[in-house]
Amino acid sequence: MLSPSILADFCAEHHDDRAHPVDKYLDHFQLSDETIMDLAIQFRREMDKGLCRDTNPTAAVKMLPTFVRSTPDGTEQGEFLALDLGGSNFRVLLVKVMANGKQEVEMENQIYAIPEHLMRGNGSQLFDHIADCLANFLQKLGIKDKKLPLGFTFSFPCQQTKLDESVLVSWTKSFKSSGVEGKDVVSLLRKAIKKRGDFDVDILAVINDTVGTMMTCGYDDHLCEIGLIVGTGTNACYMEQMRNLDLLDGDEGRMCVNTEWGAFGDDGSLEDLRTAIDREIDAGSLNPGKQLFEKMISGLYMGELVRLILLKMTKEQLLFQGKTTAQLLTTGSFNTSHIFAIENDKDEEGLASAQQVLRGLGLDPSEEDCGTTRRVCQIVSTRAAHLCAATLVAVLRQIRDNKAAEKLRTTIGVDGSVYKNHPEFSRRLHKMVCRLVPDCDVRFLQSQCGSGKGAAMVTAVAYRLAAQHAERQRILDTLRLSREKLLEVKRRMSEEMARGLSKLTHEQASVKMLPTFVRSTPDGSEHGDYLALDLGGSTFRVLLVRLKSGKGHNVEMHHKIYSIPQEIMQGTGDELFGHIVSCISDFLEYQGMKGASIPLGFTFSFPCHQSKLDQGILLNWTKGFKASGCEGQDVLTLLRDAVRRRQDFDLNFVALVNDTVGTMMTCSYEDPQCEVGLIVGTGANACYMEEMENIELVEGNHGRMCVNMEWGAFGDKGELDDFCTEFDRVVDNSSNNPGKQRYEKMISGMYLGEIVRNVLLEFTEKGLLFRGKLSEQLKTRCIFETKFLSQIESDRLAMRQIRSILQHLGLTSSTCDDSVLVKEVCRVVSSRAAQLCGAGLAAVVDKIRQNRNLNRLSITVGVDGTLYKTHPHFSSIMQETLQDLAPQCQVTFHKSEDGSGKGAALITAVACRMKSEGQP
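Residues numbered from 1 in each chain as written. Predicted model: local features only at pLDDT ≥ 70, side-chain atom pairs only at ≥ 80, totals over all residues. Heavy atoms only, no water.

Caption draft 1: View of the nonpolar core. Counting residues in each nonpolar core, the largest one holds 117 residues, and the members touching the most others are Leu678, Tyr688, Met709, Trp711 and Phe784. With residues up to four places along the chain from it excluded, the contact list for Leu678 reads Thr660, Thr663, Asn685, Ala686, Trp711, Cys837, Leu841, Val861, Gly862, Val863, Asp864 and Met878. Within the second largest apolar cluster, 112 residues are counted, among which are Cys237, Trp261, Ile309 and Cys388. (Core = buried A, V, L, I, M, F, W, Y, C linked by side-chain atoms within 4.5 Å. Buried < 20%, exposed > 50% of the residue type's maximum accessible area, 1.4 Å probe, protein only. Contact = heavy atoms within 4.5 Å.)

Caption draft 2: Local environment of the sheet that holds strand 4 (residues 105–113). Spatial strand order, 4-3-2-5-8: 5 strands in an open sheet with mixed pairing. On the outer flanks of this sheet lie strand 4 and strand 8 (202–207), each paired with one strand and no other. Averaged over neighbouring strand pairs, the angle between their axes works out to 20 degrees when direction is ignored. Sheet analysis places strand 3 (residues 89–97) next to strand 4, joined by 9 bridges and oriented antiparallel. Within strand 4, the position partnered with Arg91 by the bridge is Ile111. Against the sheet, helix 6 (residues 185–196) contacts strand 2 (78–85), strand 5 (149–154) and strand 8, and its axis sits at roughly 145 degrees relative to strand 8. Those strands touched by helix 7 (residues 209–220) are strand 3, strand 4, strand 5 and strand 8, and its axis lies near 105 degrees from that of strand 8. (Pairing = 2+ DSSP bridges. Helix = DSSP H or I, 4+ residues; strand = E, 2+ residues; numbered from the N terminus. Axes fitted to C-alpha atoms, helices over the stretch in contact; angles between N-to-C directions.)

Caption draft 3: Structural context of the packing of helix 18 (residues 573–591) against helix 19 (residues 635–646). Across the interface, helix 18 lies against helix 19 with an axial gap of 9 Å and an inter-helix angle of 65 degrees. Read as a crossing pair, helix 18 and helix 19 show a hand that is right-handed. Note on element contacts: helix 19 touches helix 18 through Val635, Leu638, Leu639, Ala642, Val643, Arg645 and Arg646, opposite Asp574, Phe577, Gly578, Ile580, Val581, Ser582, Ile584 and Ser585. By residue class, the composition of the contact of helix 18 with helix 19 is 9 nonpolar, 3 polar and 3 charged. (Left-handed = near helix turned anticlockwise from the far one by under 90°. Nonpolar A, V, L, I, M, F, W, Y, C, P; charged D, E, K, R; others polar.)

Caption draft 4: Here's a closer look at the sheet that holds strand 1 (residues 64–65). Taken in spatial order, the 6 strands of this open sheet run 1-11-10-9-12-13, and their pairing is mixed. The two strands at the open ends of the sheet, each matched to only one other strand, are strand 1 and strand 13 (440–446). Where strand 10 (residues 234–241) and strand 11 (residues 254–258) come together, 5 bridges link them in antiparallel fashion. Within strand 11, the position partnered with Gln241 by the bridge is Arg254. Of the strands in this sheet, strand 9 (224–230), strand 10, strand 11, strand 12 (408–415) and strand 13 touch helix 7, which is tilted by about 135 degrees from strand 9. Its contacts with the sheet put helix 14 (residues 425–436) on strand 9 and strand 13, and the angle it makes with strand 13 is roughly 165 degrees.

Caption draft 5: Representation of the pattern of salt bridges within the structure. Summed over the entire model, instances satisfying the criterion amount to 67 salt bridges. A salt bridge links Glu556 to Arg546; the nearest nitrogen and oxygen atoms lie 3.5 Å apart. One end of the pair, Glu556, is in strand 17 (residues 554–563); the other, Arg546, is in strand 16 (residues 539–548), with 10 residues separating them in the sequence. Take Glu556: its relative accessible area is 30%, and that puts it in the partly exposed class. The network of salt bridges with shared partners includes Glu271, Arg274, Arg279, Asp282 and Lys295. (Salt bridge = Lys/Arg side-chain N within 4 Å of Asp/Glu carboxyl O.)

Caption draft 6: Region of the structure containing helix 6. Helix length check: helix 6, at 12 residues, gives a terminal C-alpha distance of 17 Å against a target of 16 Å (1.5 Å per residue), a fit within 8%. All of the buried residues in helix 6 are Val185, Val186, Leu189, Ala192 and Ile193. The buried residues of helix 6 occupy an angular sector of 125 degrees when the element is viewed end-on, so they sit on one face. Along helix 6, the residues that are exposed and aim more than 90 degrees away from the buried face are Lys191, Lys194 and Lys195. In this structure, the buried side of helix 6 is in contact with strand 2, helix 5 (123–141), strand 5, strand 7 (165–168) and strand 8. The N-cap residue of helix 6 is Asp184: its side-chain oxygen and the backbone nitrogen of Val186 are 3.1 Å apart. Directly beyond the C-terminal end of helix 6, a positive phi value near 75 degrees is found at Gly197. (Expected span 1.5 Å × (residues − 1). Arc of directions from axis to C-beta. Polar contact = N/O pair within 3.5 Å; in protein donor to acceptor, adjacent residues only side chain to side chain.)

Caption draft 7: Fine view of the packing of helix 8 (residues 276–283) against helix 9 (residues 299–315). Here helix 8 crosses helix 9 at 120 degrees, and the two axes come no closer than 10 Å. Overall, the two elements helix 8 and helix 9 adopt an arrangement that is oblique. Every pair of crossing elements has a handedness; the one defined by helix 8 and helix 9 is right-handed. Taken together, the residues of helix 9 that come into contact with helix 8 (itself represented by Ile277, Asp278, Glu280 and Ile281) are Tyr301, Glu304, Leu305, Leu308, Ile309 and Lys312. Residue composition of the contact of helix 8 with helix 9, grouped by class: 6 nonpolar, no polar and 4 charged. (Parallel < 35°, antiparallel > 145°, perpendicular 65-115°, else oblique.)

Caption draft 8: How the structure looks around the environment of Phe727. The residue Phe727 is located in helix 21 (residues 726–733) in this model. Beyond its immediate chain neighbours, meaning those up to four positions away, Phe727 contacts Ile475, Thr478, Leu479, Ile755, Asn758, Val759 and Glu762.

Caption draft 9: Structural detail: the environment of Phe264. As for its placement among the helices and strands, Phe264 is situated in the loop between strand 11 and helix 8. Taking the C-alpha atoms as reference, Phe264 lies 29 Å from Thr373; in sequence the two are 109 residues apart. Not counting chain neighbours up to four residues away, the residues in contact with Phe264 comprise Leu39, Gln42, Phe43, Glu46, Val61, Ser269, Leu270, Leu292, Phe293 and Thr391.

Caption draft 10: Layout of the packing of aromatic side chains. Counted under the stated rule, the structure contains 22 aromatic pairs. Between the aromatic rings of Phe156 and Phe175, the centroid separation amounts to 5.1 Å while the plane-to-plane angle is 65 degrees, which identifies the pairing as edge-to-face. In this pair, Phe156 sits in the loop between strand 5 and strand 6 (158–162) while Phe175 sits in the loop between strand 7 and helix 6, placing the two residues 19 residues apart along the sequence. A residue is classified by how much of its surface remains accessible, and Phe156, at 1% relative accessible area, is buried. Given the relative accessible area of 2%, Phe175 is considered buried. (Phe/Tyr/Trp six-rings, centres within 6.5 Å; stacked < 30°, edge-to-face > 60°.)

Caption draft 11: Broad picture of the side chain of Arg742. Secondary-structure assignment places Arg742 in helix 22 (residues 742–747). Owing to a relative accessible area of 13%, Arg742 belongs among the buried residues under this scheme. Aside from chain neighbours lying at most four places away, what touches Arg742 is Gly712, Phe714, Gly715, Asp716, Asp721, Cys724, Arg729 and Asp732.

Keep in mind these values describe shape, not function.
Structure (structure tokens):
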């Protein structure tokens, strides 16, 4: 029994960490906060080396990809087998995961021993033994005839190439089985099972115990994204952004990285921290020079560190009156479990345990010897906790920086005998982590049955992901178009173009092929002042365009933008055109030109039937306009009447133009080969120069005329029914013009966001996205703007920025995995739009080529529209599709700058030039 005076002295000394003489002796084992933080920074650099393709081969910390792409979301269900091999015992488990909303798991397991001769013998015999034990387990449960999915926890450094393929890099933890290093352990296990021939399993995943711990805790706490083991060995894993994983292709989503941090320092980077005792431990180990960080922390070495310190102090006459024993001299005689007992949080019991352990080593310790031994244990285990905290801090900072979070909230799943059984280790670890990263709100969650259950959870997640992936792809496949389907779209567009041009079938055609009476493109000689009006949306522009003939095609423009209130857009025609004339009056006054009669071109971007250049009958409103008394009327007459009513100024009305034709004319002014105009913005349309002999609606067979296709209506007669999806039908039915502009609704910026929103709703309702939880905002029609597609699909946009867009839509609990899926939906919808647009354009350029009896056509398409200009991939996909479907046409694309405004002025200028030249 220890005397009360000695106990009191020890307790007083313990409260002042540096008061005990052994503290001075072991000063190098005690790390300052500054040293620990420096170590965290150093480890962060080592992580970066391991993640980088160029530096990974020489990195000590290997940062191995695990191919685990997602943590549990609570919807997993089914029966799964698990094997857990990481020490001298291994477990076989049957894990039943319930999908009853309570996240219940039932487990049956059995522990089997691995004899030492198999740990160090032949590798094939080791795997035969594992297969035998698995067979025995299945036999006992009466499930040998079932082929169940299996997850394999293999807690050794491995190089994975996929989830079910893992090559052992090197044995650790006293294993030395021959013929296994450099081999795929899953193949070795499959081979052993096949050799038996009396049962079969479906091995879906191989993981290490750290990943298993993270996955087990992730099932209970969805914030868990770090796994930590501090037991026989030590290691950590965490969910890393794919963009940082330079070792693998792809930059979307996350993947669990197995740090294998036990090898930190194997390149000499820890030499300043390692002591003579650490070097002695390493020299006497099975793997000298390897796992140096692990040898300073883990349970396999902690007891031996204490033994060597006690031995050294004894030899220096500081303990046990300088008397050693055979037991104290024996490697491994001081177990790490002894440290757990000696560091009991009740001082009296701890000192009593020290006395008992030391007597077990044949020593006759004094009360002071027992106190000193306890302090040595405290110093060694505290150093281990603080070293572990340093590397954990580096991981936490990496995750925080990945998320660009001011404050990170996360959970660390933890397992291992040292963490669980040492009375003070976890508290010291938590305290140091909180001190070093106050900007991280960290929860430590102790794993129950971690590595075994974790293997089953990885397998369950893999099963869930596979099923969800298959269902998502089934839905998205309805939006994907094969080359054969695109060729069919091209063929049908060609047919509708022919029907629209023919007098006989024009009325029944969906593609109206409207004559524009624009007979020529600019030749560069145009000059003078022209007024242009541009109406095509909720804003309206008035422009003054000054053309100067000669080289350089000098154009000077002045313009002013006016808004059109919603009540005027949907009021009467008199109110709408009165507002437009009021805006023109303001602009002329602003320019000091109210007395002049300037030639005017009016860009009116709605379907019109023209019988001459300065006349256009509005067929129907689109883009949210509903002004009464306009459909069936000549637009320029409505404008003239409004000018006359105002009696404020006079204008020379020369041309009514639509924005697509304006785009073609603007680009043609800069590139004489431009004979096609394309708009892909809020709406979608195309125009091109057609041979007069093919335009049966207009008299005359000589020359060419620009035809406004109004191709947005393609499909209104059912031509696209077999290409339309349920999402297209929902968008169409809820639009302002059901059954109209069907092609435009599959292509244009006004509708793509709404298609995406409906796909996301379907995914969420099926539990394939956002964990099945809808936000009220996502239920709101048109809230998912098409500009979000451009932002989300930007190659420069990180997943965290996509998450911020989703959070703006009320999806505050969306995950990185959700962001990846949303990006995929956006990509599929925008790609289909670009391909459909390319197929339509292929029909146009091929018709021009055939009109001119050319084997190869070289032509330029003038393009405008926000979707084409701002979406990161739309233009390239459209161009690839066009090239594929019209290989005999060499097409150049010319982006229009202010086609709808400048184009109207150029058409007016060309008309004035042709009139002065006496041309029709």
